[in-house]
Amino acid sequence: RMTVRKALKLLEDEGILKSIRGSGTYVECLPRDGNAIFLGEQNDILSLTMQIRQKGMNSSRVVLSMQRVKAEGDVKDAFPNEDRVYEIVRMALMNDTPYAMQKHYLPCSLFSDAERFDFQHDSLYAYMQDRGYRPQTMTSYLRIAPLPDEYAAIMKVPRKKKFLLFDYYGYSDQHELVEYTISYHHPQYTKFKFVTNIYLGE
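Trainee: So what exactly am I meant to see when it comes to the overall build of the protein here?
Mentor: Across its full length, the protein carries five helices and ten strands. Across the 202 residues that make up the protein, the buried fraction comes to 40%. In the protein, the proportion of contacts linking residues at least 24 apart, taken out of those at least 6 apart, comes to 55%.

Trainee: What exactly am I supposed to notice about the nonpolar core here?
Mentor: Soluble globular proteins: nonpolar side chains tend toward being buried together. If you look at the biggest cluster of nonpolar residues, it comprises 24 residues, and the most contacted ones within it are F79, M101, Y105, L147 and Y180. Mapped onto this core, the elements with two or more residues apiece are helix 3 (73-78), strand 5 (84-94), strand 6 (97-107), helix 5 (149-155), strand 8 (162-171) and strand 9 (177-185). Beyond its immediate chain neighbours, meaning those up to four positions away, F79 contacts V85, Y105, P107, L177, V178, E179 and Y180. Counting residues in each nonpolar core, the second largest holds 13 residues, with Y86, F111, A114 and V178 among its members.

Trainee: Please clarify how the side chain of D167 should be interpreted in this entry.
Mentor: If you trace the backbone, D167 turns up in strand 8. A polar contact is formed between the side chain of D167 and the side chain of Y180, at a distance of 3.1 Å. When residues no more than four places from it in sequence are discounted, the contact partners of D167 are T139, S140, Y141, R143, Y180, T181 and I182.

Trainee: Can you help me understand the pattern of salt bridges in this one?
Mentor: Once their charged atoms are close, side chains differing in charge can pair, the charge on each being opposite to the other. Within this structure, the stated rule accounts for six salt bridges. In this structure, R131 and D113 form a salt bridge, with 2.9 Å as the shortest nitrogen-oxygen distance. Taken together, the residues R131 in the loop between helix 4 (124-130) and strand 7 (137-146) and D113 in the loop between strand 6 and helix 4 connect sequence positions 18 residues apart. Taking relative accessible area as the criterion, D113 reaches 17% and is therefore assigned buried. Three or more residues joined by partner-sharing salt bridges are found here, namely D149, R159 and K160.

Calculation rules
- Residues numbered from 1 in each chain as written.
- Predicted model: local features only at pLDDT ≥ 70, side-chain atom pairs only at ≥ 80, totals over all residues.
- Heavy atoms only, no water.
- Helix = DSSP H or I, 4+ residues; strand = E, 2+ residues; numbered from the N terminus.
- Buried < 20%, exposed > 50% of the residue type's maximum accessible area, 1.4 Å probe, protein only.
- Contact = heavy atoms within 4.5 Å.
- Core = buried A, V, L, I, M, F, W, Y, C linked by side-chain atoms within 4.5 Å.
- Polar contact = N/O pair within 3.5 Å; in protein donor to acceptor, adjacent residues only side chain to side chain.
- Salt bridge = Lys/Arg side-chain N within 4 Å of Asp/Glu carboxyl O.

In structure tokens, the structure reads:
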């Protein structure tokens, strides 16, 4: 019962269900699954903008911050030989609806002039390709985590709302890590698939 109550409460928070005291719980709206971005179905490494456009929707971005920062924590683990990295924080929108919050990290040793580029209107991967370091292979990890409080109001969601959190590691054709991205995706508009091999024994 506790699991069912929790599930119903989460669906109410999503605006999918509506509970009326003394009457019951009703479907307020259906999830817009037909507009969901299907992450992981492409063989090519496509930007989030291209994935949104392939669904026939308009894509736009808002750059919230762009700065050189000291490589610390997970970023330092990703780029152990870098003292400084570029941190680019962007919000992705589809049809003017906030969809994803992304924090991109690029090594300053490879991208020394990133602050001169307009990452709100132009492609991050186009810039990386111009510098000869566009990712050719990608490793990603998925977990579920609350959206940081500082982004909740911007994304127009309740505080502590759970998002699909992807960690992306992009490698050049020389197997050099050139991008580390933390990407929070709105679960209402996201689908993903994975393949696993399970050994059942003899």
